[in-house]
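In case you want the letters, here they are:
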Number of protein chains: 2
Amino acid sequence: RSFSSEEGFLKDCSVPNPSWNKDLRLLFDQFTKKCENGSWKHLSSYKRGPATRIKDFKNFLDPEHMKEEQMSQTQLFTRSFDEGLGFEYVMFYNEVEKRVVCLFQGGPYLEGAPGFLHGGALATMVDATLATCVMIFGGVAMTANLNINYKRPVPLCSVVVINSQLDKVEGRKCFVSCNVQSVDEKTLYSEATSLFIKLKPSLT
Amino acid sequence: RSFSSEEGFLKDCSVPNPSWNKDLRLLFDQFTKKCENGSWKHLSSYKRGPATRIKDFKNFLDPEHMKEEQMSQTQLFTRSFDEGLGFEYVMFYNEVEKRVVCLFQGGPYLEGAPGFLHGGALATMVDATLATCVMIFGGVAMTANLNINYKRPVPLCSVVVINSQLDKVEGRKCFVSCNVQSVDEKTLYSEATSLFIKLKPSLT
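Residues numbered from 1 in each chain as written. Chains lettered and ligands numbered in written order. Predicted model: local features only at pLDDT ≥ 70, side-chain atom pairs only at ≥ 80, totals over all residues. Heavy atoms only, no water.

Description of helix 5 (residues 119–137) of chain B
All names here are of chain B. Here is the rule we go by: Only DSSP runs of H or I reaching four residues or more are called helices, and only runs of E reaching two or more are called strands; each is numbered from the N terminus. A helix is expected to reach a length of 1.5 Å times the quantity of its residues less one. Buried, partly exposed and exposed residues are distinguished by accessible area as a fraction of the type maximum, computed with a 1.4 Å probe on protein chains only: under 20%, between the cut-offs, and over 50%, respectively.
Taking 1.5 Å of rise per residue, 19 residues should cover 27 Å, and helix 5 covers 27 Å from first to last C-alpha, within 8% of that figure. Across the 19 residues of helix 5, 17 count as buried, placing the element largely inside the fold. Downstream of helix 5 by one or two residues, Gly 139 has phi in the positive range, about 130°.

Below you can see the structure in the form of structure tokens.
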């Protein structure tokens, strides 16, 4: 693996790049401003480096399914596309309100019906946002249920805002929910609820 | 656009390639055999060509969000990865039983928790399989609700079988469901139910 490839894995993917449209830049600037007084915080995001992965998870992976070559190729699904083609997003969180907001621009490789975002691509960003919400406010957990209502299709290459919150914690169960809106908040694209189960302490 | 790129879009992605592991090949052969007497049928699958797309959908897309350059880049989400890195899958359907089976191998770019398939990647293939089931047996429709129970995480690079069926049609509502199992059927990874709404005849 070349140094440049390693460098690619160390790059924070949650900051503006040339593929971000004006809506995404504007919202990013607005939330960055909200971070100044500490009420909101920005979340960095990486592809996850294969070198780290092999070292840390070699004994954890199932060699029956994965060869060492495949292990070295693994990338976080939501960061596995080249710039601008897939998932472009950034998350911010508010500790007092137990909320995570994701600003998401879905690129041309995420198409479902012609001209629209694939329902699975939206489910992926919804799951990623809800998982982040649970991780920050609840702890290490796995998705147990994901229930999404699709109200309107999202135009491809447009920006949506995913507003999530931690609703309730009951023992190891974390209940979270979110909605997906247009930038002007006039269009409600989706609503989702989800249940995550915290891993037993021995596994974390 | 070069001829070779056009050719890439005409290639059937649902037939074996060097990235398919032995489980996926074996299952493909078994279902291909079931196709001989006509009880099961194989479904071809393409990336969708940009040339066709621009011609057919130019007036349909929102120019505010998509530039012509982006339109020419669109690819079906589930076929947008290079061979072996993302979604490798093939579907077969049984007309009498109103069932669609999807054989799915999730590559190293679909990682969620280290060593496991991202929940959103599984949701994507579940949605794609259920949508196909509705399209074949019900008609053109959009996902209105998707409800997934995740029971066990799927090891990355392993093969799973998604068994879907059309449960009920009520006017424009199509109810479908599926389960996701290991190749030996000993592990139940997920179960899902979904509601699709058929488009009004004027839109199809």
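Things to note about the pairing of strand 4 (residues 141–150) of chain B
To keep things clear, this is the line we draw: At least two DSSP bridges between two strands are needed for those strands to be called paired.
Burial analysis of strand 4 of chain B places seven of its ten residues in the buried class, the great majority of the element. As paired elements, strand 4 (residues 141–150) of chain A and strand 4 of chain B share five bridges and run antiparallel to each other. Looking at strand 4 of chain B, one finds that Leu 146 of chain A is bridged to Ile 148 of chain B. For strand 4 of chain B and strand 7 (residues 188–198) of chain B, the ladder comprises nine bridges, and the chain directions are antiparallel. The partner of Met 142 of chain B across the bridge, within strand 7 of chain B, is Ile 197 of chain B.

Points about the UniProt feature "domain: Thioesterase" (unreviewed entry) in chain A
Using the following cut-off: UniProt positions are given in the numbering used here, feature names are shortened, and annotations may be inferred rather than shown by experiment.
UniProt records the feature "domain: Thioesterase" (unreviewed entry) at residues 115–187 of chain A, using the numbering of this structure. From the first C-alpha to the last, residues 115–187 of chain A spans 17 Å; its make-up is 26% helix and 44% strand.

Observations regarding the pairing of strand 5 (residues 159–170) of chain A
All names here are of chain A. Of the pairings in the sheet, the one linking strand 3 (residues 99–106) to strand 5 comprises seven bridges and is antiparallel in character. Residue pairing in the sheet places Val 101 in a bridge with Asn 163 of strand 5. In terms of strand pairing, strand 5 meets strand 6 (residues 173–182) through ten bridges, oriented antiparallel. Bridge pairing in strand 6 places Glu 170 opposite Lys 173.

Considering the state of the cysteines
Formally: Note that a disulfide, as used here, is simply two cysteine sulfur atoms within 2.5 Å.
The final tally for this structure, using the stated rule, is zero disulfides over all chains. Cysteine Cys 178 of chain A shares no disulfide, and the gap to the nearest cysteine sulfur, in Cys 133 of chain A, comes to 9.1 Å. In this structure Cys 35 of chain B is a free cysteine whose sulfur lies 14 Å from that of Cys 102 of chain B, the closest cysteine sulfur available.

Overview of helix 2 (residues 22–34) of chain A
All names here are of chain A. Keep this limit in mind: The directions considered for the arc are those from the helix axis to the C-beta atoms. Contacts between residues were defined by any pair of non-hydrogen atoms, one from each residue, lying within 4.5 Å. Any N or O atom pair separated by 3.5 Å or less is treated as a polar contact, with the protein-specific requirement of one donor-capable and one acceptor-capable atom, and with residues adjacent in sequence counted only for side-chain atom pairs.
Relative to the 18 Å expected for 13 residues at 1.5 Å per residue, helix 2 spans 18 Å between its end C-alpha atoms, a close match to the ideal helical length. Turning to helix 2, its buried residues are Leu 24, Leu 27, Phe 28 and Phe 31. For helix 2, the angular spread of the buried residues around the axis is 105°, confining them to a single face. Exposed side chains of helix 2 directed beyond 90 degrees from the buried face belong to Lys 22, Leu 26 and Lys 33. The inward-facing, buried residues of helix 2 abut strand 1 (41–43), strand 2 (87–94), strand 3 and strand 5. The N-capping residue of helix 2, defined by a side-chain oxygen 3.1 Å from the backbone nitrogen of Asp 23, is Asn 21.

Some remarks on the interface of chain B and chain A
Condition: Buried area, as used here, totals the accessible surface that two parts lose on assembly, with accessibility defined by a 1.4 Å probe and the loss added over both. Put simply, a salt bridge is a Lys or Arg side-chain nitrogen that is within 4 Å of an Asp or Glu carboxyl oxygen.
With 48 residues of chain B at the contact, the number on the chain A side is 48 residues. Carbon and sulfur atoms supply 59% of the area buried between chain B and chain A, which totals about 4100 Å² over both sides. Here chain B and chain A share zero salt bridges between them. For the interface between chain B and chain A, the tally reads 22 residue pairs in polar contact (both at pLDDT 80 or more). Those elements giving two or more residues to the side of chain B that touches chain A turn out to be helix 3 (50–57), helix 5 and strand 4 of chain B. If one sorts the elements of the side of chain B that touches chain A by residue count, strand 4 of chain B sits on top with nine residues.

Looking at the packing of aromatic side chains
The criterion, for reference: Pairing of aromatic rings covers Phe, Tyr and Trp, the last counted by its six-membered ring, and requires centre-to-centre distances within 6.5 Å; plane angles under 30 degrees mean stacked, over 60 mean edge-to-face, and any other angle means tilted. We call a charge positioned over a ring when the NZ of a Lys or the CZ of an Arg lies within 6 Å of the ring centre and within 35 degrees of the ring normal.
This structure, assessed with the given rule, holds 24 aromatic pairs over all chains. Aromatic side chains Phe 77 of chain A and Phe 77 of chain B sit 6.0 Å apart centroid to centroid with 20° between the ring planes, which places their arrangement in the stacked category. Of the two residues, Phe 77 of chain A is situated in the loop between helix 4 (68–71) and strand 2 and Phe 77 of chain B in the loop between helix 4 (68–71) and strand 2 (87–94); the pairing between them involves two chains. On the accessibility criterion, Phe 77 of chain B (0% relative accessible area) is buried. Summarising the aromatic geometry, the rings of Tyr 93 of chain A and Phe 137 of chain A are spaced 6.3 Å apart at their centres and angled 70° between planes, so their arrangement reads as edge-to-face. Pair noted here: Tyr 93 of chain A is in strand 2 and Phe 137 of chain A is in helix 5 (residues 119–137), with a separation of 44 residues, a long-range link. Given the relative accessible area of 15%, Tyr 93 of chain A is considered buried. Taken together, the ring pairs in this structure connect Phe 77, Phe 81, Phe 87, Phe 104 and Tyr 109 of chain A together with Phe 77, Phe 81, Phe 87, Phe 104 and Tyr 109 of chain B into an aromatic cluster. The ring of Phe 175 of chain A has Lys 168 of chain A sitting right over it, with the charged end atom 4.8 Å from the ring centre. One residue, Arg 79 of chain B, lies across the ring of Tyr 89 of chain B, its end atom 3.5 Å from the ring centre.

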